[in-house]
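Take a look at the letters that make up each chain.
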Amino acid sequence: MSDNNEVRVRFAPSPTGDLHVGGARTALFNWLYARKHGGTFVLRIEDTDEQRSNEESLEGILEALTWLGLEWDEGPIQQADRLELYSDYVSLLMSSGHAYYCFASNDSIEEARNAAQESGENWIYRGADRDLSADEVREKLEEELPHTVRFKVPSEESIVVNDIVHGDVTFETENIEDFVLLRSDERPTYHLSNVVDDIQMGITHVIRGADHVSNTPKQILVYKALEANVPLFAHLPLILGPDQKRLSKRHGATSINIFRNKGYLPGAVVNYLALLGWSPGDDREVFTVPDLIREFTLERVNSSNAVFDVAKLGWMNGQYISQVPAGELRLSIREALQIRGCWQEELDMERRDFFFALIELWQSRSRTINDLADNVTPFLSEAFAYQPDALKEHIHSKDLLGGVQALREALMQVDPWAADEIEGTLREVAAGLDMEAASLIHALRLALTGKKVSPGLFEVVEMMDREKTRSRIDRLLRYLKKLADARDKRETQMARA
RNA sequence: GGCCCCAUCGUCUAGCCUGGCCCAGGACACCGCCCUCUCAAGGCGGAGACACGGGUUCAAAUCCCGUUGGGGCUACCA
């Protein structure tokens, strides 16, 4: 804290819902900036709105940040716990003549504003109570008239926001109304608490969404009135839905915890998010976190809004799933299998090698942990059905029954039980019966997995072990016999008729 | 309405500041081919963009102006 050059940034969510991708991206950029510069990342909870803030949201946000690996150095500091601080600052502003009690009712201001809107006139609120004498104010206060405290916005002044992303943005104070600092319930508004905390916490860089650009001149006014240093700003482009509208629930899953539940990996989410609004300037796209920390700069953040593309996130996640060592996937897959009810403790003990081999078999074919868990299920449980499309496509030849029977006998003799041996045996059987190897392969795949797609069949057979292979082939044989019987019956009926 | 921001393939973007190397590069998605027992992965190839109009200049995706479009703010929400 003593170092003057220390970078101090913060992520300041309001706990009114889940952490969405937009908030997560803001948190990430702050975190990256702090880590890159050896600075401090503060987590502050902006919960001054009593109505909308809630505890579950706060917990969800902390959970999501932790899952993403964006650990904070200070906090979480909740604004609701330090309300006196803001009142103190208001007193300061009051005594320096920068703020005033406003006794005008919300309704009356609203009315005037609407009237102005309708007549097409550009109307900015300037409180009449600015000019109340000290006696008049005391009198009204004694009467306990409801009031707010507003900032006395100066006239004819240009406020320049120096933004790292957008450059200088100039606002005229005549377009800024006397905004509320303290509500009638004496709780601070965002404009007050945000600035007070940023001053108080020594925040050097305010990195937040571009939806705050227009608020910034108001805040700069407060900094100046308080004679505090104005931090540097970086307003990040907004993240939009596929319809170019602001991202919201109706665009589907955008909350970080939902991605987590769907089996996305935090590294992939972080990597994808880093690329929304930032790029390294060359063609690289897959970054480890240390790489991101090294490469990240605010100067390379771009200024136009970005559409959130789940398909690309899915691709990114697939990249991560297929590249991460099986051991690192173990825990999350276990969790997914437990949910599916087919986890067995020995997969983490004596059958761990098998479990890892199974993971490796499916890694490049799965886009999420949940996909992977689904894919692995037939190897762990007998409870699977033959998929109709697989039956339709591969179970039609009448000779299949004999072929599968022969294959069963031959397979029981295979030694060692290894993919190469199994393949050799199957091809011999097919050649002996003058069948396409493919038709036996497809039948065997159906027998073992119930599906028409899987990794290389011979690896699958090897993974299944001899006993499981035998029982599943038997299951298929029973099915094929039933089919054959039904066919015979039909044929005799036809012959009779 | 007012104020502010933004504008390159469907999407994320490189290039723009410091004009020429760009009849615009990469990635996702899409299509085709290869590999192959299927599906992924991987490899190879294809289609696909400088919003529009004016300037400035020998030369503009790049600079300037305007138009259009999108977004944000305009709360006693943050």
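A few words now on the overall build of chain A. Along its length, chain A carries 20 helices and 12 strands. In terms of overall dimensions, chain A is more spread out than a globule: its C-alpha atoms have a radius of gyration of 33 Å, far above the 23 Å expected for 497 residues. Expressed as lengths along the three principal axes of its C-alpha atoms, the size of chain A is roughly 110 × 60 × 40 Å. Each of the 497 residues in chain A was classed as buried or not, and the buried ones make up 47%. Total accessible area computed for chain A in this model is approximately 24500 Å², and 47% of it derives from carbon and sulfur atoms.

On to the protein's contact with RNA strand B, then. For RNA strand B, the set of nearby residues contains 65 residues, the closest of which are Arg 183, Lys 245, Glu 285, Ser 364 and Arg 365. What you see for RNA strand B is that sugar and phosphate hold 73% of its atoms within 4 Å of the protein. Note that a sugar or linking oxygen of RNA strand B is positioned 3.5 Å from one of the backbone N or O atoms of Gly 281. The set of elements that each furnish at least two residues to the surface near RNA strand B consists of α4 (106-118), β5 (148-151), β7 (167-172), β12 (306-307), α11 (310-323), α18 (437-449) and α19 (457-464). Ranked by residues supplied to the surface near RNA strand B, first place goes to α11 with 4 residues.

What follows covers the sheet that holds strand β1 (residues 8-11). Strand order in this open sheet of 3 strands is β1-β2-β3, and the pairing throughout is parallel. Looking at strand neighbours, the two that pair on one side only are β1 and β3 (74-78), the edges of this open sheet. With direction set aside, neighbouring strand axes in the sheet form an average angle of 25°. Looking at chain direction, strand β2 (residues 40-45) and β3 are connected through 3 bridges and run parallel. Within the sheet, the bridge partner assigned to Ile 45 lies in β3 and is Gln 78. Together, β1 and β2 form the strand contacts of helix α1 (residues 21-36), whose direction differs from that of β1 by roughly 165°.

Below, the discussion takes up helix α2 (residues 55-68). The terminal C-alpha atoms of α2 lie 20 Å apart, and with 14 residues this matches the ideal 20 Å at 1.5 Å per residue to within 8%. All buried positions along α2 are accounted for by Ser 57, Leu 58, Gly 60, Ile 61, Ala 64, Leu 65, Trp 67 and Leu 68. Contacts made by the buried residues of α2 are with β1, α1, β2, β3, α8 (256-261) and α9 (266-274). After α2 finishes, the residue Gly 69 shows a positive phi value of roughly 85°.

Between two packed helices, what matters for the description is the angle formed by their axes and the separation of those axes. Running from N to C, helix α3 (residues 83-95) and helix α6 (residues 190-200) cross one another at 95°; their axes reach a closest spacing of 10 Å. As the angle between them shows, α3 and α6 are arranged roughly perpendicular. Touching Leu 85, Tyr 86, Tyr 89 and Val 90 of α3 are Leu 192, Ser 193, Val 196, Asp 197, Ile 199 and Gln 200, all from α6. Within the contact of α3 with α6, the residues separate by chemical class into 7 nonpolar, 2 polar and 1 charged.

A few words on a negative patch on the surface. Residues Asp 415, Asp 420, Glu 421, Glu 459 and Glu 462 make up a contiguous surface patch of negative charge. Listed by contribution, the elements that provide at least two residues to the negative patch are α17 (419-432) and α19. With respect to the element layout, Glu 462 can be found in helix α19.

Evaluation of the coordinates by the stated rule reveals 34 salt bridges. Here Arg 113 ties to Glu 177 by a salt bridge, and the two come within 2.8 Å at their closest N and O atoms. In this pair, Arg 113 is assigned in helix α4 and Glu 177 in the loop between β7 and β8 (180-182), connecting sequence segments 64 residues apart. A relative accessible area of 24% places Arg 113 in the partly exposed class. The partner of Arg 138 in a salt bridge is Asp 135, and the shortest N-O contact between them spans 3.0 Å. You can see Arg 138 and its partner Asp 135 sitting in helix α5 (residues 134-142), 3 residues apart, about one turn around the helix. The exposure class of Arg 138 is partly exposed, given its relative accessible area of 45%. Where salt bridges share partners, they join Arg 10, Arg 44, Glu 46, Arg 82, Asp 197 and Asp 198 into one cluster.

Next up on the list: the pairing of β1. Of the two faces of β1, the one lined by Arg 8 and Arg 10 and the one lined by Val 9 and Phe 11 are each fully buried. As paired strands, β1 and β2 are joined by 4 bridges and run parallel to one another. Each bridged residue has a counterpart across the sheet, and for Phe 11 the counterpart in β2 is Leu 43. Regarding topology, α1 serves as the crossover connection from β1 to the parallel β2, and that connection is right-handed.

What follows deals with the environment of Ala 24. Mapped onto the elements, Ala 24 comes out in helix α1. For Ala 24, a relative accessible area of 0% translates into the label buried. Between the alpha carbons of Ala 24 and Val 9 there is a distance of 15 Å; along the sequence they are 15 residues apart. Those residues within four positions of Ala 24 in sequence are excluded, and the remaining contacts are Leu 19, Leu 68, Leu 70, Ile 256 and Leu 273.

Once that is clear, we can look at the side chain of Asn 194. With respect to the helices and strands, Asn 194 occurs in helix α6. A distance of 3.5 Å separates a polar atom in the side chain of Asn 194 from a polar atom in the side chain of Arg 10. Sequence-distant contacts of Asn 194, defined by excluding residues within four places in its chain, comprise Arg 10, Arg 44, Glu 46, Gln 79, Arg 208 and Gln 219.

Bringing the confidence of the model for chain A into the picture now. When pLDDT is averaged across chain A, the result is 92; 99% of the residues are at 70 or more. Predicted complex, confidence summary: ipTM 0.95, pTM 0.93.

Another aspect to go through is the side chain of Ser 255. With respect to the helices and strands, the residue Ser 255 is situated in the loop between β11 (239-240) and α8. The class for Ser 255 is buried, based on a relative accessible area of 3%. Of note is the side chain of Ser 255, whose polar atom sits 3.5 Å from the side chain of Asp 18. Once residues lying within four places of it in the same chain are set aside, the contact partners of Ser 255 are Asp 18, Leu 19 and His 20.

Each value, and the rule that gives it
- Residues numbered from 1 in each chain as written.
- Chains lettered and ligands numbered in written order.
- Predicted model: local features only at pLDDT ≥ 70, side-chain atom pairs only at ≥ 80, totals over all residues.
- Heavy atoms only, no water.
- Helix = DSSP H or I, 4+ residues; strand = E, 2+ residues; numbered from the N terminus.
- Rg over C-alpha atoms; globule rule 2.2 N^0.38 Å.
- Buried < 20%, exposed > 50% of the residue type's maximum accessible area, 1.4 Å probe, protein only.
- Areas by Shrake-Rupley, 256 points an atom, 1.4 Å probe, with all protein chains shown as cover.
- Near = heavy atom within 4 Å.
- Polar contact = N/O pair within 3.5 Å; in protein donor to acceptor, adjacent residues only side chain to side chain.
- Pairing = 2+ DSSP bridges.
- Axes fitted to C-alpha atoms, helices over the stretch in contact; angles between N-to-C directions.
- Contact = heavy atoms within 4.5 Å.
- Expected span 1.5 Å × (residues − 1).
- Parallel < 35°, antiparallel > 145°, perpendicular 65-115°, else oblique.
- Nonpolar A, V, L, I, M, F, W, Y, C, P; charged D, E, K, R; others polar.
- Patch = residues over 30% accessible without salt bridge, like charges linked within 9 Å, V, L, I, M, F, W, Y side chains within 5 Å.
- Salt bridge = Lys/Arg side-chain N within 4 Å of Asp/Glu carboxyl O.
- Lys, Arg positive; Asp, Glu negative; His and termini not counted.
- Charge placed at Lys NZ, Arg CZ, Asp CG, Glu CD.
- Right-handed = clockwise from strand over helix to strand, strands pointing away.
- pLDDT = per-residue confidence, 0-100.

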